[in-house]
Amino acid sequence: MGYKEQIQKDRIPRHIAIIMDGNGRWAKRQGLARMFGHRQGVETVHCITEAAAELGVEYLTLYAFSTENWNRPKEEVDALMTLLVDTIAKETPTLMKNNIRLQTIGDISRLPQATHDKFVACIEQTSSNTGLRLVIALSYSARWEIIYATQQIADAVKKGNMLVEDINEETISSYLTTAQIPDPDLLIRTSGELRISNFLLWQLAYAELYFTDCLWPEFTNEDFYHAIVDYQ
Ligand code: IPE
Ligand code: IPE
Ligand code: MG
């Protein structure tokens with residue numbers, strides 16, 4: 001019996017977050033440039049997103065580009081930004097077909113104009129879709145997010161709109177970029193690295209963690225179902 005058949009339909013994790021890692025190593029393994037890995041990784045995103053939508057997962061958050069990833073060689077960053085534009089152009093019909101609503105978290109003001117505008121347009125176009133919420137973490141890091149939230153909260157206190165003693169868990173959560181999103185139930189990281197890499201530090205407080213040696217470009221729907229069965 002495959003893993004899909006073992007999934008209990010009434011216990012699907014509401015929110016799954018994924019650190020999609022290992023694109024470069026996958027490419028290197030076959031003597032190819034890193035970008036081949038990123039391109040193949042997009043295929044995995046396509047398949048896993050459709051699988052999540054079909055299962056009835058409510059939120060799927062994908063770590064696509066971290067604040068730290070800006071420090072990669074310029075050629076790789078530029079190529080990734082172009083790949084993101086091409087991917088959105090190609091995948092928007094898939095999002096519409098599957099009733100998926102796109103959202104981003106992260107400092108998207110740092111993105112090149114073309115990449116930024118493509119995302120904003122796709123977010124707008126899919127805004128009435130009521131199925132899976134696909135959250136792409138772009139130019140995101142949890143420390144960036146916490147610093148930004150702290151500045152906003154301090155500003156509210158300074159202006160007299162908030163009392164220091166009223167700051168609680170709900171306050172912090174509501175100032176994070178994930179304010180309208182429930183905390184992840186399950187975090188998956190591919191590529192065998194056993195770390196969080198500055199992803200959703202506050203929100204993952206109680207998430208189940210699932211690590212696999214599988215590299216992201218070779219991560220299949222069956223691997224995804226396996227992670228859900230393991231969670232259940
Ligand atoms: C993850 O794959 C994708 C991004 C961070 C953009 P990597 O590019 O980190 O691939 P590895 O970890 O070097 O194999
Ligand atoms: C984490 O992968 C970030 C993304 C998947 C976008 P990295 O490859 O950038 O993280 P480290 O360097 O292994 O911590
Ligand atoms: Mg990596």
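Residues numbered from 1 in each chain as written. Chains lettered and ligands numbered in written order. Predicted model: local features only at pLDDT ≥ 70, side-chain atom pairs only at ≥ 80, totals over all residues. Heavy atoms only, no water.

**Focus on helix H5 (residues 113–125)**
Note the threshold: Here a strand is any run of E in DSSP of at least two residues, a helix any run of H or I of at least four, and the numbering for each starts at the N terminus. Expected helix span is taken as 1.5 Å per residue step, with the number of steps being one fewer than the number of residues. Classification of residues uses two cut-offs on accessible area relative to the type maximum, computed with a 1.4 Å probe and protein chains only: under 20% is buried, over 50% is exposed, and between them is partly exposed. The directions considered for the arc are those from the helix axis to the C-beta atoms. A contact between two residues is defined here by any heavy atoms of the two lying within 4.5 Å.
Along its 13 residues, H5 runs 18 Å from first to last C-alpha, staying within 8% of the 18 Å computed at 1.5 Å per residue. Those residues of H5 that fall on the buried side of the exposure criterion are Thr-115, Phe-119 and Cys-122. Along H5, the residues classed as buried sweep out an arc of 65° about the axis, all on the same side. Projecting away from the buried face of H5 at angles above 90 degrees are the exposed residues Gln-113, Ala-114 and Glu-124. The elements touched by buried residues of H5 are helix H4 (74–97), strand E3 (101–105) and strand E4 (133–140).

**Here's the deal with the sheet that holds strand E5 (residues 186–189)**
In plain terms, the rule: A pair of strands counts as paired when DSSP detects no fewer than two bridges linking them. Whenever a helix is involved, its axis is fitted only over the stretch in contact; in every case the axis is a line through C-alpha atoms, and angles between N-to-C directions fall within 0 to 180 degrees.
Read across the open sheet, the 6 strands follow the order E3-E4-E2-E1-E5-E6; overall the sheet is parallel. Looking along the sheet, the strands with just one partner apiece sit at the ends: E3 and strand E6 (208–211). Across the sheet, the mean angle from the axis of one strand to that of its neighbour is 20°, orientation sign disregarded. By the bridge criterion, 7 bridges tie strand E2 (residues 59–66) to E4 in an arrangement that is parallel. The residue of E4 that forms the bridge with Tyr-63 is Ala-137. Contacting E2, E3 and E4, H4 crosses the sheet at an angle of about 160° to E2. Packed on one face of the sheet, H5 meets E3 and E4 and runs near 140° to E3.

**Section: the packing of aromatic side chains**
Heads up, the condition is: Classification of ring pairs rests on two measures: the distance between centres of Phe, Tyr or Trp rings, Trp counted by its six-membered ring, which must be within 6.5 Å, and the angle between planes, read as stacked under 30 degrees, edge-to-face over 60 and tilted in between. Counting as a charge over the ring demands two things of the Lys NZ or Arg CZ atom: a distance within 6 Å of the ring centre and an angle within 35 degrees of the ring normal.
Under the counting rule described, the total for this entry stands at 8 aromatic pairs. Taking 6.0 Å as the distance between ring centres and 90° as the angle between the ring planes, the aromatic pair formed by Tyr-140 and Phe-199 counts as edge-to-face. Placement of Tyr-140 in strand E4 and of Phe-199 in the loop between E5 and E6 is noted, with a sequence separation of 59 residues between them. Using a relative accessible area of 0% as the deciding quantity, one classes Tyr-140 as buried. Under the relative-accessibility criterion, Phe-199 is labelled buried at 0%. For the ring pair Trp-216 and Phe-219, a centre distance of 5.3 Å and an interplane angle of 20° mean the geometry is stacked. Linked through ring pairs, Tyr-63, Tyr-140, Trp-144, Tyr-148 and Phe-199 together constitute an aromatic cluster. Just above the ring of Phe-36 sits the side chain of Arg-39; from NZ or CZ to the centre is 5.4 Å.

**Observations regarding the pairing of E5**
Of the two faces of E5, the one carrying Leu-186 and Ile-188 and the one carrying Leu-187 and Arg-189 are both buried. In terms of strand pairing, strand E1 (residues 15–19) meets E5 through 4 bridges, oriented parallel. In the sheet register, Ile-18 faces E5, and the bridge partner there is Ile-188. One ladder, built from 4 bridges, connects E5 with E6; its direction is parallel. When the bridges of E6 are listed, Leu-187 appears paired with Leu-209.

**With respect to the pattern of salt bridges**
Definition in use: By definition here, a salt bridge exists when the distance from a side-chain nitrogen of Lys or Arg to a carboxyl oxygen of Asp or Glu is within 4 Å.
Taken as a whole and judged by the stated rule, the model has 13 salt bridges. Residues Arg-189 and Asp-21 are paired through a salt bridge, measuring 2.8 Å at the closest nitrogen-oxygen approach. Remark: Asp-21 occurs in the loop between E1 and helix H2 (23–29) and Arg-189 occurs in strand E5; sequence separation between them is 168 residues. Taking relative accessible area as the criterion, Arg-189 reaches 4% and is therefore assigned buried. On the basis of relative accessibility, which here comes to 17%, the residue Asp-21 falls in the buried class. A salt bridge links Glu-193 to Arg-195; the shortest N-O distance between them is 3.4 Å. In this structure Glu-193 comes out as partly exposed when scored by relative accessible area, which is 23%. Through salt bridges that share partners, Asp-21, Arg-25, Arg-189, Glu-193 and Arg-195 make up one connected network.

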